[in-house]
Each structure stands twice: as structure tokens, then as C-alpha cells.
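# Fold and geometry: a report
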Amino acid sequence: MHKAFVTQVDTAGTKFPPVQRKKIFCGVCEGSCGLEATVQGTELISLLPDPDHPNTKGFACSKGLAFGAVRDDHNRLLHPLKRCPDGSFEEISWEQALDEIGERLNGIIARRGKESIGLYQGNSVAWNFGAFLNLFGMAGALKTKHLYSAASIDINGYWMISQLLYGSNFLNPIPDVSRTDFMLCLGANPAVSHGSMANIGRFRDTMMGVTQRGGRVVVVDPRRSETASLFEHVPIRPNGDVWLLAALLKVIFDEGLEDREALLRQTTGHEILREMLAPLELRHAALASGISVKKIQQLARDFAGARSACAYGRCGISIGPFASLGKYFLDVLNIVTGNLDRPGGWCFGRPFVDLETLMHRMKSTGYNRWRTRVDDFAEVAGTSPVVSIPREIRTPGKGQLRAMLVVGANPASSSPAAGELREAFKDLELLISLDVYQTETSRLAHYILPPTVWLEREGFPIFTQSHSGVPHAQWVGPTLPPRGDTRDDAWIMDEIARRIGIVPADFPGAQVLGKLGLRLSPSLMMDIGLRTGPEGDWFGLRPRGLSRKKLIGNNGAIKLADTVPTGILHKRIFTKSRKVELDHVLIRGEMKRLLAYDFTVDSRFPLSLISLRELRSQNTWMHNVPKLIVGDRVQRLRIHPQDAERYGIEDGDPIEITSHFGQINVPEARISDEMMPGSVALPHGWGHQGNWERAVAVGGSGYNELTTNRVDSTDLPSGNATVNGIAVRIRSLRVSRAVA
Ligand code: SF4
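Note that the coordinates shown come from a computational prediction; the quantities given were computed from them, not determined experimentally.

### Some words on the overall build of the protein chain
When helices and strands are tallied, the protein chain shows 29 helices and 30 strands. The C-alpha atoms of the protein chain give a radius of gyration of 25 Å, which matches the 27 Å a tight globule of 740 residues would have. Along the longest, intermediate and shortest principal axes, the C-alpha atoms of the protein chain span 75 × 70 × 65 Å. Here the protein chain holds 740 residues, and 63% of them are scored as buried. Long-range contacts, defined here as pairs at least 24 residues apart, represent 74% of the contacts in the protein chain between residues at least 6 apart. With the model as given, the accessible surface of the protein chain reaches about 27,200 Å², and the carbon-plus-sulfur share is 53%.

### Focus on helix α3 (residues 94–112)
Taking 1.5 Å per residue as the helical rise, α3 with its 19 residues ought to reach 27 Å, and the 26 Å between its terminal C-alpha atoms agrees with that figure. For α3, the full list of buried residues reads Trp-94, Ala-97, Leu-98, Glu-100, Ile-101, Gly-102, Leu-105, Ile-108 and Ile-109. Residues of α3 that are buried make contact with β5 (81–83), β7 (117–121), β18 (403–407), β19 (430–434), β20 (447–449) and α20 (489–499). Trailing α3 by a residue or two, Gly-113 shows a phi angle of about 90°, which is positive.

### Let's talk about the packing of aromatic side chains
This structure, assessed with the given rule, holds 17 aromatic pairs. A centroid spacing of 5.6 Å and a plane angle of 90° characterise the contact between Trp-94 and Trp-491, whose relative ring orientation is edge-to-face. One end of the pair, Trp-94, is in helix α3; the other, Trp-491, is in helix α20, and 397 residues separate them in sequence. Among the residues examined, Trp-94 registers a relative accessible area of 5% and is labelled buried. Lying over the aromatic face of Tyr-158, Arg-314 brings its terminal NZ or CZ to 5.7 Å of the ring centre. The ring of Trp-491 carries Arg-487 above its face, with NZ or CZ at 5.0 Å from the centroid.

### Topic: the domain arrangement of the protein chain
Examined at the domain level, the protein chain breaks down into domain 1 (5–70), domain 2 (81–155 + 353–559), domain 3 (174–347) and domain 4 (598–739). With nine residues of domain 2 in contact, the opposing surface of domain 3 contributes eight residues. The junction of domain 2 with domain 3 conceals about 730 Å² of combined surface from both sides, 61% of it contributed by carbon and sulfur atoms. Looking at the side of domain 2 facing domain 3, the largest losses of area belong to Asp-154, Ile-155 and His-467, adding up to 64% of the total buried there. Its salt-bridge partner being Asp-154, residue Arg-314 comes within 2.8 Å of it at the nearest N-O pair. Along the contact surface separating domain 2 from domain 3 lie five residue pairs in polar contact (both at pLDDT 80 or more). For the side of domain 2 that touches domain 3, a count of residues per class yields three nonpolar, five polar and one charged.

### Considering empty space enclosed by the protein
In total, this model carries seven cavities of 30 Å³ or more according to the counting rule given. Taken together, Ile-24, Phe-25, Gly-27, Trp-127, Asn-128, Trp-454, Arg-457, Glu-458, Gly-459, Val-476 and Thr-479 make up the full set of residues lining the second largest cavity. Here the lining of the second largest cavity is built from residues that sort into five nonpolar, four polar and two charged. Each of domain 1 (5–70) and domain 2 (81–155 + 353–559) accounts for three or more of the residues forming the lining of the second largest cavity.

### Regarding helix α9 (residues 241–254)
Since the α-helix packs 3.6 residues into each turn, any two residues three or four apart lie on the same face. Taking 1.5 Å of rise per residue, 14 residues should cover 20 Å, and α9 covers 20 Å from first to last C-alpha, within 8% of that figure. In terms of residue burial, α9 counts as a mostly covered element, since 13 of its 14 residues are buried. Directly after α9, the chain includes Gly-256, whose backbone phi takes a positive value near 65°.

### Topic: the layout of surface pockets
Space inside the largest pocket adds up to approximately 1,000 Å³. As for the largest pocket, its lining consists of 36 residues, and the residues nearest its centre are Asn-239, Tyr-597, Thr-600, Gly-725 and Ala-727. Counting residues per element, the ones that place at least two in the lining of the largest pocket are β24 (607–612) and β30 (726–732). Its residues assigned to classes, the lining of the largest pocket shows 16 nonpolar, 14 polar and six charged. Both domains that meet at the lining of the largest pocket, namely domain 3 (174–347) and domain 4 (598–739), each give it at least three residues. The calculated volume of the second largest pocket comes to roughly 660 Å³. Phe-136, Met-362, Ser-364, Asp-506 and Phe-507 are the residues nearest the centre of the second largest pocket, which is lined by 30 residues in total. Listing elements by their share of the lining of the second largest pocket, those giving two or more residues are α4 (129–142), α16 (355–361), β16 (367–371) and α22 (522–531). Examining the composition of the lining of the second largest pocket, we find that six residues originate from one element, α4, more than from any other. Class assignment of the residues belonging to the lining of the second largest pocket gives a composition of 18 nonpolar, seven polar and five charged.

### As for the sheet that holds strand β8 (residues 147–149)
The seven strands are arranged β6-β5-β20-β19-β18-β7-β8 in an open sheet whose pairing can be described as mixed. The open sheet has two free edges, formed respectively by β6 (89–91) and β8, since each of these has just one partner strand. Taken pair by pair, the neighbouring strands of this sheet meet at an average axis angle of 20°, ignoring direction. Examined bridge by bridge, β19 and β20 share three bridges and lie parallel to one another. Residue pairing across strands places Leu-434 opposite Leu-449, the latter belonging to β20. On the sheet, α3 packs against β5, β7, β18, β19 and β20 and is oriented at approximately 130° with respect to β20.

### Thoughts on the confidence of the model for the protein chain
Per-residue confidence for the protein chain gives a mean pLDDT of 94; residues scoring 70 or more make up 97%. This model gives residues 1–5 a pLDDT under 50, and the stretch forms eight contacts once residues within four places in sequence are excluded.

### Here's the deal with the packing of α3 against α20
To characterise two packed helices, one gives the angle between the axes of the helices and the distance between these axes. Packing of α3 against α20 brings their axes to within 8 Å, and their N-to-C directions diverge by 50°. Viewed along their axes, α3 and α20 adopt a mutual orientation that is oblique. At the point where α3 passes α20, the crossing takes the right-handed sense. Of the residues in α20, those in contact with Trp-94, Leu-98, Asp-99, Ile-101, Gly-102, Leu-105 and Asn-106 of α3 are Trp-491, Ile-492, Glu-495, Ile-496 and Arg-499. Looking at side-chain class alone, the contact of α3 with α20 contains seven nonpolar, two polar and three charged residues.

### Some remarks on the nonpolar core
Formed by 147 residues in total, the largest nonpolar core has its most connected members in Tyr-166, Leu-184, Tyr-328, Phe-329, Phe-352 and Leu-449. At 11 residues, the largest contribution of residues to this core is made by α9. Leu-449 has contacts with Pro-80, Trp-94, Ala-97, Ile-101, Ile-432, Ser-433, Leu-434, Asp-435, Ile-492 and Ile-496, leaving out every residue within four places of it along the chain. Core analysis: the second largest hydrophobic core is formed by 28 residues, Ile-24, Val-39, Val-625 and Ala-695 among them.

Conventions and cut-offs
- Residues numbered from 1 in each chain as written.
- Predicted model: local features only at pLDDT ≥ 70, side-chain atom pairs only at ≥ 80, totals over all residues.
- Heavy atoms only, no water.
- Helix = DSSP H or I, 4+ residues; strand = E, 2+ residues; numbered from the N terminus.
- Rg over C-alpha atoms; globule rule 2.2 N^0.38 Å.
- Buried < 20%, exposed > 50% of the residue type's maximum accessible area, 1.4 Å probe, protein only.
- Contact = heavy atoms within 4.5 Å.
- Areas by Shrake-Rupley, 256 points an atom, 1.4 Å probe, with all protein chains shown as cover.
- Expected span 1.5 Å × (residues − 1).
- Phe/Tyr/Trp six-rings, centres within 6.5 Å; stacked < 30°, edge-to-face > 60°.
- Lys NZ or Arg CZ within 6 Å of the ring centre and 35° of its normal.
- Domains from an automatic or database assignment.
- Buried area = accessible area lost by both parts, 1.4 Å probe.
- Salt bridge = Lys/Arg side-chain N within 4 Å of Asp/Glu carboxyl O.
- Polar contact = N/O pair within 3.5 Å; in protein donor to acceptor, adjacent residues only side chain to side chain.
- Nonpolar A, V, L, I, M, F, W, Y, C, P; charged D, E, K, R; others polar.
- 1 Å grid on protein atoms, 1.4 Å probe; cavity = no way out; pocket = protein on both sides within 12 Å on 5 of 7 lines; lining within 4 Å.
- Points joined across faces, edges and corners; volume = space filled by probe spheres on them.
- Pairing = 2+ DSSP bridges.
- Axes fitted to C-alpha atoms, helices over the stretch in contact; angles between N-to-C directions.
- pLDDT = per-residue confidence, 0-100.
- Parallel < 35°, antiparallel > 145°, perpendicular 65-115°, else oblique.
- Left-handed = near helix turned anticlockwise from the far one by under 90°.
- Core = buried A, V, L, I, M, F, W, Y, C linked by side-chain atoms within 4.5 Å.

Here is the structure:
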């Protein structure tokens, strides 16, 4: 018997279902932490960290360990729901739901064309390869430009810059933290987030390892975050990161600190950098970033002079008005100092399913191959930006968005100008939501279709496998059977696709094969990709190679190497020159836009608001889990003591926040010198509506009632929303509440 299976017998001789210990990985966030699930029959006994996982080595956070509560939540939707005319929902069968959806979609297609159908991919799809493939496949089969991704709220700049520099949206280098001598961490809080766009196991401890072996970690953040408080902290004005990065590069070039040999060997077009940075004045960058010229110069010298160094950034650089340029400069800083593709630097991962190559071959990656209908944004990886959705719904004409399938997303809370989006959704002829709960978004849908959760379906870490600091392979079968009448998202999409006569696949010949009754399941497609890739078994020709079957049978992750590979740039990169291509007209234009940008403070809205990730939250979900919401859990606005005094605010006051675009009330102020004066921080993902009782009861307000979807407020090249550095004013509601 497999040692993971133990049959239990009680004293009366009653046999219980065998206890199984399954090594799996967590599907909540980019940590992809190894877990050990103990299961008896259909019951989840426990979820514990997997000490044998090669990357996370026994670490898992409270969210992953508590996920059983989401699976077993009494608010979880277990049957398809149809909205009644009075706004309530009635349970219906899958057959009725799918047939009615198919009929309504066919009617819309007949009247308005396939291009009027939209699809929305939520963050959770990144851990659901079946949903991911079927969504892209459906968009391709429908030839619709209305494929929207939550990525355009916080990461589109990464996708587009990777396409420009490395030839593929999905080829994103990661910091080699375990070997670096100097880590510059901009606008990221790995001690809480556990990493994003970098799957570094035990991220916080690995960063601590840098200083323990005599290296240096500098954290740049407007807030002395949980990460910043462990290392050297350089406070910065919100959205000032792009100025800092440009200024660091300027110092490096002015002082001849660049690695010319690396630039010649690895890049084309590097001459443009010096020319582009020439008009930048350091004192101007110092004003915009709030960091002195002296500090910038020293930081540049230290970074360039380190034996190895990596600059890593996340929301601080990717959700402001210059997200693309900021990401460009981040990569360029690593490149010009000779740290690309070398130990301790900025390195490419080693995925076990080489999705980057597969998608490149299928021409699924790209940038600016077409423009959006209303706002004229460039497409990024075949997607349109979420900021455009209300205008795409409300602007008449060919291709007007009339129906939408939202998968694993809550854009009515998470997208900028959320209130406007909620109203626009009401104008759709058909809104379908695949969701575990009735949320701010799904409650607006005509149909809510309940999917399985990651514990109930097959999976491999499709998104994070190429970002892993310790390359490894893992593919797991369902840990538990589906609850109620739930179904896999991929199955649901396939059934809808069947009813409108398409195959949800975008590879050549997929539709013809479909007409002959042949449909390749996402599992089969990915297994073929694995088996014919660099780690594959080539169908028996390489007996030591991997296959889906082998991995599922392994009950645990297999380590592929101790560290990320280096010296592989020319093999990994997809540009025609096989070098990093640095010169782009668009980037030069963005630099001019930056230099002309007016960053002076509007006296009517004197504070700059940033969003805040909390340890026990995951964007807009997980607030319905009792363990994660107990104790002192209130949405609090962080404010510096000087600002609190100036605006008459006391600790614990209820606060009204007003921006150009909206107003919200927040339950409490927390006065703390963790903030940089002039900036305030508010946790996002609060202020719920719908049937998830605890999440609604915990209160708070939606961050995105304060943000905008205006075109001139986005990062123009990528269409990414600006959700950081929002100009606001605040006032205490203590007095008015007391009077009331
Ligand atoms: S860090 Fe993320 S992946 Fe790891 S256990 Fe927590 S929620 Fe899951």
C-alpha cells in the first residue's frame, strides 16, 4: 500500500475510509506554497505546510491553511442560479442554465456578431490552467477583442515591456535572491504578499539571508512596510519610483558605471539610453521621488558596484501613470549593470511546461497587433484593458460589447471606477458569472454558475512555474470531490462553447477538429506540451523525463535544480536579434511624457493615497473565512502623525476620504509614522455586497470608489489603470458622528 494511504479501524471494528496524505500546492496566490492535505473520504481533515516542498520548504500562510473553510463555507454557491425579475435568484439545473445561456448568446451573436461577446479573466484563473486555456481559446474562436484580464489592473506594464525587450509577454525575469549581494526592492512587500512575479520560496527568509551573508537589502516604499522594517528603508513619494529608476540610470551613465561588455553582448539599441536620459535633471527626480540627489547618487554607485545585484519591483512601479516606463527602467537597471542572466542577478526561470515557447509558437503573445474600438489602446497579449469596459458597453457601433462571461473575478469591486462599471454591467443583454460566492459582481449577473475550487480539481502551477527561485515540477489530481453541484470552470466554458458552435481553443485547425467531434482537453494539451518540452519524456524516448501521469503519481513536487539557470539568454529570448532590444519609439515617447509631467500637489487634494495588502486578505476575497476575519480586523487608513495633526484626526477616528472621482467612509484612522508625510495608505478589497455574510458584515469601503477609468489617467502604452498615488483629502467624522 502507498504510504500516503492508511485505513482506520475503531475499537468496534468499524472501517472508516482510508486517511490519505496528499502533497499539493496552494492555489490562492503566487506563493504556490507546498501543502500536505489530510483527507478522509470526502472530508478535509487538515491542510499543513509541506516540509518537503523544494521551493517553500515547510512554509504556508494563514490564508492557504484556512482554505478548507472556503470549500466548506455555507455561503458557497453549490447550484446554478438564475436571476429573477425582482433581483432574487432561483436555483436551476445545469442543463437549463447552459441551454438558456446558449440560446441567449446565439441570439446576441445573430444580431450583433461574435465580436459583441466579452470574456473577463480574474486573478484566480492564473491557478487554473483549464480555465486559462479555455478563456483564451474562446476569445480566439469568437475572434472577439473583448478579452479582459485583471492583469490590466496591476501588471499589464510587465507583459508589454517583456514583449518589447524579450519578445514574449510571458518571459519575465525574477530576482535571484538566494545568491545576490544587493537587492533593491521597490514598492513590494514580500513579507506580506509572499511575492508576486517572483515565486521565491520563504521570500522573507530568503531576503534575510542576503544580509546574513553580508549583503544588502534596500526597500523603497512610501510606507515602512513589514518588509521595509526588516531592512534599510528609503521612503519615496507614491508613483516616484519611475523617477528614482531613471535617476539611478542617469548617474550610472554619467559616471561611466555601466557594464559595457554586457550591453554589447546582450543588447541592441543601448545607445539610446544615454540620449534618452540626458535631459533628466537629478534635482527634478529628487523632487518627484522625495529622495535627495545625494541618496540617489550613492544608491546608484552601490548598486552598480555590487558583486551581484537585482532590482525587483511590484505594485509601486506597476499601478501608477508610468507603469510601462517604470518596468522598462527596472529591467534596464539590471541589464546595464551586467546583472541580467547571471547568478545573483535578474534571471529567467525554468518552467517544466514551457508555456512561453508554446504560446510564442502559437502566436498567442504580442503587443499592439490591434487597437481597441473605443479608446484606441494597444492590445497586450491579446487582451483589452478593463478601464475601457464601461465605454465598450455604452458606445454604439459594430463590436459593441453586449454580453460578458466573467470567470473567477470581482471587477465590480476590484476595477477602477468600480461604481461606473457596476452601472454599465446593468446595460448588458447578458452577464454570466462563474463564482464561488454571490459577490458585488456576480449579484449583477443573469446567471451565476458555481465552479469547483482548486482543492477539487486537477492542477499545476501554470503561472508561477517559470517564476520559481527553486525550479520544480508538480502536477496534482483533485484532492477532494466537488461539493454540491459544482463543476470545473473549464467544463462550464466548454459546455457554453458547444452551445454556440465553437471549440474553446485557438490553435490552428481546432475549429475543424471540433466539427469532426474532436476536442483536446486542457489536460491533454498541457501534457503534450510537457512531454515534448525540455523536461518531457518524449513519450518514452526519454525515460527519465516527465509526464502528467508521472507527476500526479509522485505525490509531491520534484526539484529540477537548486537555483535558476543562468547564461541562457540567447536560448530563452524570442526577439529576432536574440538579444534584449532596448530602443523603442514608444519608450522614447514615454520618457518625453515623464519629463513634461506635472507632479505638483493639488491643494484641494493634498494627500496621496496608496493601496495596501494585508496578511489575511487576498485582493477582494478570503474575507468570508472566519479565521481570517476574527480579532481586530477593521479597514484602517494609515496616516502620518504630522498629517493627522494638520487635519485634526485622532487615532481610531472614522474618516471620510474624497478624491476627484468619489468619496468613501472608512471605519478607523491609524496614526503611525510608518507612513511618509503627505501619503496615506488604505487596504483594498473591503466594502463587500452580496451573500457572503461575514465579508459583508465586516464592513469597510471599496478602494475603487476613489479611482478613475479615464484614459488620460492610465498608463497609456499598456492601458493599465492608475490605482496608486490617488490625490485625496480626508476629514474626521468623529465630530459629525458625535453630533448625530
Ligand atoms: S502565501 Fe499564498 S500560496 Fe502560500 S499558503 Fe499563503 S495564500 Fe497560499
